[in-house]
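One-letter residues, chain by chain:
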Amino acid sequence: MEPLKFKPIFMERIWGGTALKERFGFDIPEGKKIGELWTVSDNRTAVSVIDGGEFDGKKISDVALEFAESLYGKGKKYERFPLLIKIIDAQDKLSVQVHPDDEYARKYENGDLGKTEMWYIIDAKPGAKLVCGLKEGITREEFIKLLEEERLEECLKEVEVKAGDVVYIPAGMVHAIGEGILICEIQQNSDLTYRVYDYNRVDEKGKKRELHVDKALDVIDFELKSDKIVPMFEEIKGGRIARAVESPYFNVEIIELDEKMEFETYDRFETLTSVEGILEVEWEEGTKVVKAGETIVIPASVDKYKVKGKAKFLKAYVP
């Protein structure tokens, strides 16, 4: 199997903007608030279609089902492609939310997966902030009281971020993206989000968005909080690498490419998402170009590959 590229999936959001057009050059109609670009997805909400090559026009779900061993490696199987990768353009703040873990999702969400994710900050306006957990000592009772009084902001732990920072968001942790932030998000293949607070906003029809307070209270871990990670790079041949996140669901490396690097897949699939610059991916039988804002999946059947160019990209894989 050759490496796979995909047609972009755009999601309109009330808090979205135009960064995907301005920064990455995507063709987005005037007046559309695009909040999310799904660069690769095998989720029930939206399934990626392969762009070019031997599987052009086919859904990743169909190819993964038919060629599981080539894609994932010997003896490896997943119900669906296990990672979902997005680029998020938050021109306004997102709702305060939490995601369930696998156990809760399987029990109460028709056997779905839970959602653990990580954020890589591509860009952020000065002073931009994320919510990653609750302030020290906040109890369930205090949380509910502040929620009922529409003062939830008072108990949220905010962290100021800048381009290059990383935040890890495990299931059960209250979180929110602030305004003026462009993010690459790598997560479990799940679209389960429990909105607990949305700043009393209304849509163009004057309606508030649905909240999921009861489910959110079921899954919030009131002790769980995170902080930004400033990646530590080490020099390797051809550039620099930072091992940013290691979790049971995915490992993510940030790679700054100066000219050329060589990698092995070790009988697993890998995803490469360019956040800056153009990558040329070369394997024994061909070459594909990956522009900023795109993801390519390197299947396990490609033992070795090279990347060329001057770019910054995120490499992710399931450990």
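Everything in this summary refers to the structure shown in the same document.

Parameters and conventions
- Residues numbered from 1 in each chain as written.
- Predicted model: local features only at pLDDT ≥ 70, side-chain atom pairs only at ≥ 80, totals over all residues.
- Heavy atoms only, no water.
- Helix = DSSP H or I, 4+ residues; strand = E, 2+ residues; numbered from the N terminus.
- Contact = heavy atoms within 4.5 Å.
- Buried < 20%, exposed > 50% of the residue type's maximum accessible area, 1.4 Å probe, protein only.
- Pairing = 2+ DSSP bridges.

1. Some remarks on the environment of Tyr 168
Link 1 in the chain: With respect to the helices, strands and loops of the structure, Tyr 168 is situated in strand β9 (residues 166-169).
Link 2 in the chain: Along the primary structure Tyr 168 and Ile 186 are separated by 18 residues, whereas in three dimensions their C-alpha atoms are 9.8 Å apart.
Link 3 in the chain: Every residue in contact with Tyr 168, bar those within four places of it in the chain, is listed here: Thr 116, Glu 117, Met 118, Met 173, Ser 226, Ile 229, Val 245, Ser 247, Pro 248 and Phe 250.

2. Some details on the pairing of strand β3 (residues 34-40)
Link 1 in the chain: Most of β3 sits inside the fold, with seven of its seven residues counted as buried.
Link 2 in the chain: Bridging between strand β2 (residues 9-17) and β3 involves five bridges; their strand directions are antiparallel. Considered in β3, the bridge of Met 11 is made with Glu 36.
Link 3 in the chain: Of the pairings in the sheet, the one linking β3 to strand β4 (residues 83-90) comprises four bridges and is antiparallel in character. Bridged to Val 40 within β4 is Ile 85.

3. Describing unusual backbone geometry
Link 1 in the chain: We note that Asn 200 has phi near 60°; this positive angle belongs to a residue other than glycine.
Link 2 in the chain: Mapping Asn 200 onto the fold places it in the loop between β12 (194-197) and α6 (213-219).
Link 3 in the chain: In this structure, Tyr 266 takes a positive phi of about 55° despite not being glycine.
Link 4 in the chain: On the secondary structure map, Tyr 266 appears in the loop between β17 (260-264) and β18 (270-283).
Link 5 in the chain: Residue Tyr 266 is classed as exposed on the basis of its relative accessible area, which comes to 58%.

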